[in-house]
Structure formats: C-alpha cells, structure tokens
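What the coordinates show
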Amino acid sequence: MHELTIAQSILNIINEELLVNNLSKVIKISIRIGRLTAIEPESLKFCFEIITKNTKAEGSVLEIDYVPIRCKCSNCQIVFTVDELDFICPKCMGSNLKIISGNELQVVGLEAE
Ligand SMILES: [Zn+2]
C-alpha cells in the first residue's frame, strides 16, 4: 500500500523534528503532494491517522496541499495544467513536454509544542 509507506516516512520526519527541537506533541503537519505521485489524499489521511496512534503525532491535523501537474511545451513554450493525464500540448498537440510541477512530496510545515 503506497500511502502507508508515505505516511510512515512523514511520521519519521516528524519524529526527527520533535527530537531535534525537543518538542513532545504535534498539532499540525503540512505537506505538499504532486498529483504525479498518485497518492490519494483521503487515503493518506486515513493511513496517517492509523500509524500515528499512540505516537506524539496522535490526533494531529494532516494538511495536504495537492499540487496539479503542470507542463511546458517545448515547441510553443506554453505552460498548461494536465487534467486527465493526457500529456499533449493543447495548442500545438505536441508531446515534447517538460514537467514543471506535480512530482512534489515534501513536508512544508510542522506545528508542535
Ligand atoms: Zn505546444
């Protein structure tokens, strides 16, 4: 299960941060996920809730910023959002694209005490 692995690595990051900053309880954690990672936000929240039981992150809020996939066409240089995973330029129908965003998977904020 993809999301469970991700949730586990988020918890690992949290634990390191708590240790470094001498904190004991997580209130909120903010992450950015690109759509290309194929992570289901709801599923990730569910997994996160399960694995944080009886940890310092139990009951914390997982805030997910879901980043759309954006591409730049190498032919006509336009930037567009990919909705249906069809990687074709809407202007020139070319497929020589460069992915600008959508691969993100990072912890951007941690609120703890
Ligand atoms: Zn184009």
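For the structure, see preceding data.
Rules behind the numbers
- Residues numbered from 1 in each chain as written.
- Predicted model: local features only at pLDDT ≥ 70, side-chain atom pairs only at ≥ 80, totals over all residues.
- Axes fitted to C-alpha atoms, helices over the stretch in contact; angles between N-to-C directions.
- Helix = DSSP H or I, 4+ residues; strand = E, 2+ residues; numbered from the N terminus.
- Parallel < 35°, antiparallel > 145°, perpendicular 65-115°, else oblique.
- Left-handed = near helix turned anticlockwise from the far one by under 90°.
- Contact = placed C-beta atoms within 7 Å.
- Nonpolar A, V, L, I, M, F, W, Y, C, P; charged D, E, K, R; others polar.
- Pairing = 2+ DSSP bridges.

What to know about the packing of helix H1 (residues 2-21) against helix H2 (residues 41-51)
Contact geometry for H1 and H2: axes closest at 8 Å, N-to-C directions at 55°. Taken as axis vectors, H1 and H2 run oblique relative to one another. Between H1 and H2 lies a crossing whose hand is right-handed. Between H1, through Glu3, Leu4, Ile6, Ala7, Gln8, Ile10 and Leu11, and H2, the contact on the second element is made entirely by Ser43, Leu44, Cys47, Phe48 and Ile51. Among the residues making up the contact of H1 with H2, the classes are represented as nine nonpolar, two polar and one charged.

Concerning the sheet that holds strand S3 (residues 69-73)
Strand order in the open sheet formed by three strands is S4-S3-S5, with antiparallel pairing between adjacent strands. Edge strands, defined here as strands with exactly one partner in the open sheet, are strand S4 (79-82) and strand S5 (97-101). Going across the sheet, the axis of each strand differs from the next one's by a mean of 35°, ignoring polarity. Across four bridges, S3 lies against S4 in antiparallel orientation. When the sheet's bridge partners are listed, Arg70 is paired in S4 with Thr81.

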